[in-house]
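Listed below, chain by chain, are the residues.
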Amino acid sequence: MNIKLQSLDYIIVVAYLLVLLVLGYRASFRNKQQDENLFLAGKSLNWYSVGFNMWGTNVGPSMLLAFASIGYSTGIVAGNFEWYAFIFLFLLAMVFAPRYLASRVTTMPEFMGQRFGDGTRNILAWYALIKILISWLSLGLFAGGFLVRQILGIPMWQSVIALVLFAGLFAFAGGLKAIARVNVFQMILLIMVSLWLTVIGINKVGGVAALFHRAPADYWNLVHPAGDVAYPWPAILLGYPVSAIAFFCTDQAMVQSVLGARNLEQGQLGISFIAWLKILSLPLFIIPGIICFELFPGLQDPSEAYMTLVTNLFPAGLNGLVIVVLIAVLVGTIGSSLNALSTVFTTDIYAKKINPGATNREIIKVGRITVLAGCGFAIGMAIAIDSIKGLNLFDVFQAVLGFIAPSLAVVFLLAVFWRQTSRRAVNFTLSWGSGISLAIGICYLWVFPKDQYPIWPHYLLLSFYIFVLLLGMAMGISLLDGASPKAAVVRGQVLVRPTPLVWGSWIALAIVMAGLYLFFNGF
């Protein structure tokens, strides 16, 4: 694309960056209580800020690349990873969020520490830091650098340095409030530009009817047969929930927006809003891949589907909009991840263990230093990942999450739903259980890779099997230990019931999702 860039493209990019800087500055320095905004935005986020910020965190550069790639290769099956999520977002809104907000916590390790003590909090804090550094920052930045390299033809190290420094600016200066403010603007822009690309593509194909009929019939099925190699329905039905619970209900980067909500109702409506926004993933990210399949069949690398469509369909002089969208999704994901990283380290490690008497100013200073350190680590890891050849980005992302998720899903589900869960069972699952899961993951991805050893089950099913194993071990240890060391609800907590407006939004969403699944499976 770099040879097609014109003066208007550069003007668009510069104007966009200036708007972002102004929005970030106003959110960061408009009032004097900046310190309150760094981690939880001063508990001031309304429903659309929560929803857009969660979506901005979720919609990383990999989504533009990977979903179009899967759309090109197999059709809309990847929509399950977005639409099936509404069940687990409902679980976050109705079960976990009321407990998180009633506990008045800043981090997920702090919540578990209230339930099981400082030992559990410490283990989970380090676990969360490693998870954010690897699955959010490093892999997300690599995907962004990969796209920038496709667009501008510059080396990976230059791409990731430029991107992470800009994304890190908002986490460093303004924290969650600045990130949430710019994400509202960015996600609206993302919707507009991506829908424009889809409309142009559909017109080029010959209309909606031609779009449906020119692709193979199975491209429009969300549910694939059990014998399907890539995405069999049992793997999605059983394995995806393990990752989804860990990702949406327990991940600091995702949940932090809810913790910064003005009140529980605004948080629950914000979670409902992101579930509605996820419906747009089909026209925004997946259908462009199908359009590319119909217009440009025979691509050697399906991961090039999105950029192939962009470079051939967007009018000359407006390719800068693509760069703008890329920056938008990168700033959303990396900025939120850096903010979550600094929140966990300062709250659960620095202020709790290293310097318990730290002043608020010292905590904020360490939080900003953590942001800078996270930027450096992510750059190094992204460059290292780039040296690994033959990656299928979407499957690598899902597989890595699938091997990190089981222990988190087990301990949080048991902590909320089973009062008999013991401290020893939780600590065992987070330490030894995570070790078992990660060891299996390393064998699956590197030591005995599935392409050479086909005896392996699908990675989503493997994640489910690990979850069942760890769940059984944790429950067995708890039963041997006897009574739980603390009550399931911390004394003094009052769980607020969802309002009729909250229930109405979720009931309407459930009806729409049921209709979409029926429509896209030929009933």
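The coordinates are above.
Residues numbered from 1 in each chain as written. Predicted model: local features only at pLDDT ≥ 70, side-chain atom pairs only at ≥ 80, totals over all residues. Heavy atoms only, no water.

(A) Expanded view of the overall build of the protein chain. Helix and strand content of the protein chain: 22 helices and zero strands. A burial count over the protein chain gives 60% of its 523 residues as buried. Relative to all contacts within the protein chain whose residues are 6 or more apart in sequence, the contacts with residues 24 or more apart total 85%. (Helix = DSSP H or I, 4+ residues; strand = E, 2+ residues; numbered from the N terminus. Buried < 20%, exposed > 50% of the residue type's maximum accessible area, 1.4 Å probe, protein only. Contact = heavy atoms within 4.5 Å.)

(B) Layout of a nonpolar patch on the surface. Together, I442, W446, V447, F448, Y453 and I455 make up an exposed nonpolar region whose accessible area comes to about 650 Å². Note that W446 resides in helix 20 (residues 423-447). (Patch = residues over 30% accessible without salt bridge, like charges linked within 9 Å, V, L, I, M, F, W, Y side chains within 5 Å. Areas by Shrake-Rupley, 256 points an atom, 1.4 Å probe, with all protein chains shown as cover. Salt bridge = Lys/Arg side-chain N within 4 Å of Asp/Glu carboxyl O.)

(C) Structural context of the side chain of K278. Within the secondary structure layout, K278 lies in the loop between helix 14 (264-277) and helix 15 (281-295). Overall, K278 belongs to the buried group, its relative accessible area being 1%. Separated by 2.3 Å, the side chains of K278 and N58 make a polar contact. Not counting residues within four places of it along the chain, the set of residues in contact with K278 comprises W55, N58, E82, W83, A85, L89 and F248. (Polar contact = N/O pair within 3.5 Å; in protein donor to acceptor, adjacent residues only side chain to side chain.)

(D) Main features of the nonpolar core. Counting 177 residues, the largest nonpolar core has W55, F96, L141 and F412 as its most contacted members. Not counting the four nearest positions on each side in its chain, F412 is found in contact with F96, Y100, M108, F111, M112, L124 and T250. (Core = buried A, V, L, I, M, F, W, Y, C linked by side-chain atoms within 4.5 Å.)

(E) Expanded view of the pattern of salt bridges. Summed over the entire model, instances satisfying the criterion amount to five salt bridges. Here K278 and E82 are joined by a salt bridge, their closest N and O atoms 3.0 Å apart. Separated by 196 residues along the polypeptide, K278 in the loop between helix 14 and helix 15 and E82 in helix 5 (residues 80-83) bring together distant segments of the chain. An identical accessibility class is assigned to K278 and E82; each is buried. Note that D118 is salt-bridged to K352, the shortest N-O span being 3.6 Å. Of this pair, D118 sits in helix 8 (residues 118-152) while K352 sits in helix 17 (residues 320-354), placing them 234 residues apart in sequence. Among the residues examined, D118 registers a relative accessible area of 39% and is labelled partly exposed.

(F) Representation of the packing of helix 6 (residues 85-103) against helix 7 (residues 108-116) within the structure. Two numbers describe how helix 6 lies on helix 7: the axes approach to 10 Å, and their chain directions differ by 80°. Judged by the inter-axis angle, helix 6 sits roughly perpendicular to helix 7. On the side of helix 6, the interface is formed by R99, Y100 and S103, while helix 7 contributes M108, F111 and Q114. Grouping the amino acids of the contact of helix 6 with helix 7 by side-chain chemistry returns three nonpolar, two polar and one charged. (Axes fitted to C-alpha atoms, helices over the stretch in contact; angles between N-to-C directions. Parallel < 35°, antiparallel > 145°, perpendicular 65-115°, else oblique. Nonpolar A, V, L, I, M, F, W, Y, C, P; charged D, E, K, R; others polar.)

(G) Examining the environment of W83 more closely. Within the element layout of this structure, W83 appears in helix 5. It is 7.2 Å that separates the C-alpha atoms of W83 and M513, two residues lying 430 residues apart in sequence. Once residues lying within four places of it in the same chain are set aside, the contact partners of W83 are L222, K278, I279, L282, M513, L516, Y517 and F520.

(H) Highlighting helix 13 (residues 252-259). Burial analysis of helix 13 places eight of its eight residues in the buried class, the great majority of the element. Of all the positions in helix 13, only Q252, A253, M254, V255, Q256, S257, V258 and L259 are classed as buried. Of the residues flanking the start of helix 13, the one acting as N-cap is D251, its side-chain oxygen 2.9 Å from the backbone nitrogen of A253.

(I) Summary view of the side chain of T250. If you trace the backbone, T250 turns up in helix 12 (residues 233-250). Among residues more than four places away in sequence, those in contact with T250 are Y100, M108, I245, V255, L408 and F412.

(J) Up close: the packing of aromatic side chains. Summed over all chains, the structure comprises 24 aromatic pairs. Centre to centre, the rings of F90 and W506 are 5.4 Å apart; their planes meet at 75°, and the pair counts as edge-to-face. Here the residue F90 occupies a position in helix 6, and W506 occupies one in helix 22 (residues 500-519), the gap between them amounting to 416 residues. Note on F90: relative accessible area 29%, which makes it partly exposed. By relative accessible area, which is 3% here, W506 ends up buried. Between F448 and Y453, the ring centres sit 5.4 Å apart and the planes meet at 90°, which makes this aromatic pair edge-to-face. Taking the relative accessible area as the measure of exposure, Y453 reaches 37% and is therefore partly exposed. (Phe/Tyr/Trp six-rings, centres within 6.5 Å; stacked < 30°, edge-to-face > 60°.)

(K) Representation of the environment of I290 within the structure. When you line up the elements, I290 lands in helix 15. I290 gets classed as buried once you look at its relative accessible area, which sits at 0%. Once the C-alpha coordinates of I290 and A305 are considered, the two residues, 15 residues apart in sequence, prove to be 8.8 Å apart. Ignoring sequence-local partners within four residues, the contact set of I290 consists of G71, Y72, G75, I76, L211, A215, Y219 and W220.

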